[in-house]
Amino acid sequence: MSETVLQDSVLPHSAIAIHGPEDFEGMRKAGRLAAECLDMLTGHVAPGVTTQHLDTLTREFVFDHGAVSATIGYRGYRHASCISLNHVICHGIPGPKPLKKGDILNIDVTVIVDGWHGDTSRMYYAGEPKVKARRLVETTYDAMMAGVAAVRPGASLRDIGRAIQTLAEGEGFSVVRDFCGHGLGRVFHSQPNVVHYAEYYDRFGALHQAPDIELKEGMFFTIEPMINEGKPDVKILKDGWTAVSRDRSLSAQFEHSIGVTADGAEIFTKSPKGLDRPPY
């Protein structure tokens, strides 16, 4: 589950937790279970299936494995997943409407295992998507992985955003700016905010830049770019959760939880079955 961006916030390093080897092991267990949950769902996403049913499967999987769903009860949220269809950017609420052929959807789950949070999301296809929808999904995955590849001690948060923004905009898509990745560990959402751009000018001509904060070994955070087919502008629906593209263009998202290592990044939420991107 993504966090809302606090524009141009300046964050001291002292506010960002640094973790040791035992903490990495805790995150591996939580991340693996979250990834296994998304693996399980791959066989159930199809036209005619409701997102409510997919959420029930998620809830049962998490509880059956002795874990806790971090989203149930979080700020009043009542579901074990966020499921975002087509032009929904993030925080889509599961419901009784069946999937249609050609729908694209993001499923986002967060589990708690022994106090540690595993937070991840993937895109799925309900039947065969249109060519541009497939290209959007493929670009979004590649953008996330470009962000992961930019992680190493001595690099900065801005380097992550630059890698994502360069790839996505190079393919003709836009990067959503209203939501971001976040620190996590024993806390669901913590510092730092991980925005998915390096810089941009708003409609008033003001320059906004990603925080130029140095990455250090032992930091934990998510990288979860939201990429729109059209403009990056966001609208929040009356339910207070669902974020949609204002121009109703398609949107896609992938998310991994990672830890900064001595020479790069460890992905905690990589699929054990190799099902990190569609088609599955």
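Procedures and definitions
- Residues numbered from 1 in each chain as written.
- Predicted model: local features only at pLDDT ≥ 70, side-chain atom pairs only at ≥ 80, totals over all residues.
- Heavy atoms only, no water.
- Salt bridge = Lys/Arg side-chain N within 4 Å of Asp/Glu carboxyl O.
- Helix = DSSP H or I, 4+ residues; strand = E, 2+ residues; numbered from the N terminus.
- Buried < 20%, exposed > 50% of the residue type's maximum accessible area, 1.4 Å probe, protein only.
- Pairing = 2+ DSSP bridges.

A.B. asks: Can you walk me through the pattern of salt bridges in this structure?
C.D. replies: Pairs may arise between side chains of opposite charge once their charged atoms sit close together. Going through the model one piece at a time under the given rule, you end up with 11 salt bridges. Of the charged contacts, one joins Arg32 and Glu36 as a salt bridge, the two residues approaching to 3.0 Å between their closest N and O atoms. Taken together, the residues span about one helical turn, with Arg32 and Glu36 both in helix H1 (residues 21-41) at a distance of 4 residues. A relative accessible area of 46% places Arg32 in the partly exposed class. Take Glu36: its relative accessible area is 26%, and that puts it in the partly exposed class. The salt bridge involving Arg277 is made with Asp142; its shortest N-O contact spans 3.3 Å. Here Asp142 lies in helix H3 (residues 131-149) and Arg277 lies in the segment after strand E18 (265-267), a separation of 135 residues in the sequence. When salt bridges with common partners are traced through the structure, they connect Glu25, Arg28 and Glu266 into a single cluster.

A.B. asks: Where do I start with the pairing of strand E8 (residues 179-183) in this structure?
C.D. replies: A large share of E8 lies buried, amounting to 5 of its 5 residues. Examined bridge by bridge, strand E1 (residues 3-4) and E8 share 2 bridges and lie antiparallel to one another. Across the sheet, residue Thr4 finds its bridge partner in E8, namely Phe179. Sheet topology places E8 next to strand E9 (residues 190-194); 3 bridges connect them, and they run antiparallel.

From the geometry alone we can't say anything about function, so treat these as descriptive.
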